[in-house]
Amino acid sequence: IPTFDGVEAENSFKESNRRVRGFKRWIEHQEGNAFLAQMKKIDENSLQILFKGLCSIQESLYRIDREVNNGRGPVDFVISKGSNDSTIIEFKLASNSSLKNILYQVEVYKAANNTQNYIIVIFYFTSEEKTKVDTLLTELNISVGEHLYLVDCRTNKPSASKVKNKIDL
């Protein structure tokens, strides 16, 4: 279960970032990847359900809605505090064939939800998928940061006693 610091963020974008960072931490460092490996099917829907469930553990002044369709299709999440403060979050698997269109997709969702705040979360499960995502990000000229998270769901990470360099972290 991701741990949050218990302090409410000052806006939905910061709250959304905090929630995504907690989910990423759980998957990459707290055996969330092992949990995912035991699932029969891992798709965007199951990752959404898991994220929503983990976010529901901590009460918040922010509303977390899944599959919100305010226009031309449902965005994965909208985290909001009132009608003037909302952030959209879009999950994508690295294996998704429409990954290269993610920026256009997010623009449509931003317009439909009347916000400029967005976060894209890309999940990869193999080294090949990581390479594919890195190549795509270079082509699109976008980098990892507060609008884009890459989540390493691989299970073949070395144990702490075997880490020999920063790359293995």
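As a starting point, this report considers the structure included with it. None of the values given here were measured: they were computed from a predicted structure.

1. Details of the pattern of salt bridges
Here the structure, examined in full by the defined rule, presents 10 salt bridges. A salt bridge links glutamate 15 to arginine 19, with the nearest nitrogen and oxygen atoms 2.8 Å apart. Taken together, the residues glutamate 15 and arginine 19, both in helix H1 (residues 12-29) and four residues apart, mark about one turn of the helix. With a closest N to O distance of 2.9 Å, glutamate 107 and lysine 110 form a salt bridge.

2. Quick notes on helix H3 (residues 44-56)
For H3, spanning 13 residues, the distance from its first C-alpha to its last is 18 Å, which sits close to the expected 18 Å at 1.5 Å a residue. Of the positions making up H3, those classed as buried are Glu44, Ser46, Leu47, Gln48, Leu50, Phe51, Leu54 and Cys55. Against H1, helix H2 (32-37), strand S1 (63-68), strand S2 (75-80), strand S3 (86-93) and strand S4 (117-124) lie the buried residues of H3.

3. Some details on the packing of aromatic side chains
Applying the stated criterion to the full structure yields nine aromatic pairs. Between phenylalanine 23 and tryptophan 26, the aromatic rings sit 6.2 Å apart at their centres with planes inclined by 15°, giving stacked as the arrangement. Here tryptophan 26 and phenylalanine 23 lie together in helix H1, a separation of three residues that amounts to about one turn. The class for phenylalanine 23 is buried, based on a relative accessible area of 3%. With 5.4 Å between their ring centres and 55° between their planes, phenylalanine 77 and phenylalanine 91 make a pair best called tilted.

4. Brief notes about the sheet that holds S4
In a beta sheet, neighbouring strands pair by backbone hydrogen bonds and run either parallel or antiparallel. Here we have five strands laid out as an open sheet, ordered S1-S2-S3-S4-S5, and mixed in their pairing. A single partner strand is all that each edge strand has here, and the edge strands are S1 and strand S5 (148-152). Adjacent strand axes in the sheet meet at a mean angle of 25° when their direction is disregarded. With five bridges joining them, S4 and S5 adopt parallel strand pairing. Opposite isoleucine 120, over in S5, you have leucine 148 as the bridge partner. Sheet strands in contact with helix H5 (residues 127-140) are S4 and S5, and its direction is about 165° off that of S5.

5. Here we look at H1
Between its first and last C-alpha atoms H1 spans 25 Å; for 18 residues at 1.5 Å apiece the expected length is 26 Å, and the two agree. With 13 of 18 residues buried, H1 is to be regarded as a mostly interior element. A positive phi of about 70° marks glutamate 31, the residue just after H1.

Scoring rules and cut-offs
- Sequence order as written defines residue numbering, which begins from 1 separately in each chain.
- Where totals are concerned, whole chains, interfaces and linings use all residues; where local detail is concerned, this predicted model gives features only for residues with pLDDT of at least 70, and gives and counts side-chain atom pairs only at 80 or more.
- Computation of side-chain values: all heavy atoms of the structure, hydrogens and water removed.
- One side-chain nitrogen of Lys or Arg within 4 Å of one carboxyl oxygen of Asp or Glu is enough to make a salt bridge.
- Under the DSSP-based scheme used, a helix requires at least four consecutive residues in state H or I and a strand at least two consecutive residues in state E, with every element numbered from the N terminus.
- To estimate the expected span of a helix, subtract one from its residue number and multiply by 1.5 Å.
- In this scheme, a residue with accessible area under 20% of its type's maximum is buried, one over 50% is exposed, and one in between is partly exposed, where area comes from a 1.4 Å probe on protein chains only.
- What makes two residues a contact is simply this: any of their non-hydrogen atoms within 4.5 Å.
- Stacked, edge-to-face and tilted are the three classes for Phe, Tyr and Trp ring pairs, Trp counted by its six-membered ring, which pair at centre distances within 6.5 Å; planes under 30 degrees apart are stacked, over 60 edge-to-face, the rest tilted.
- Criterion used throughout: strands pair if DSSP finds at least two bridges between them.
- In this analysis an axis means a line fitted to C-alpha atoms, helices contributing only their contacting stretch, and an angle means the value between N-to-C directions, from 0 to 180 degrees.

Read these as layout, nothing more, since geometry by itself doesn't imply function.
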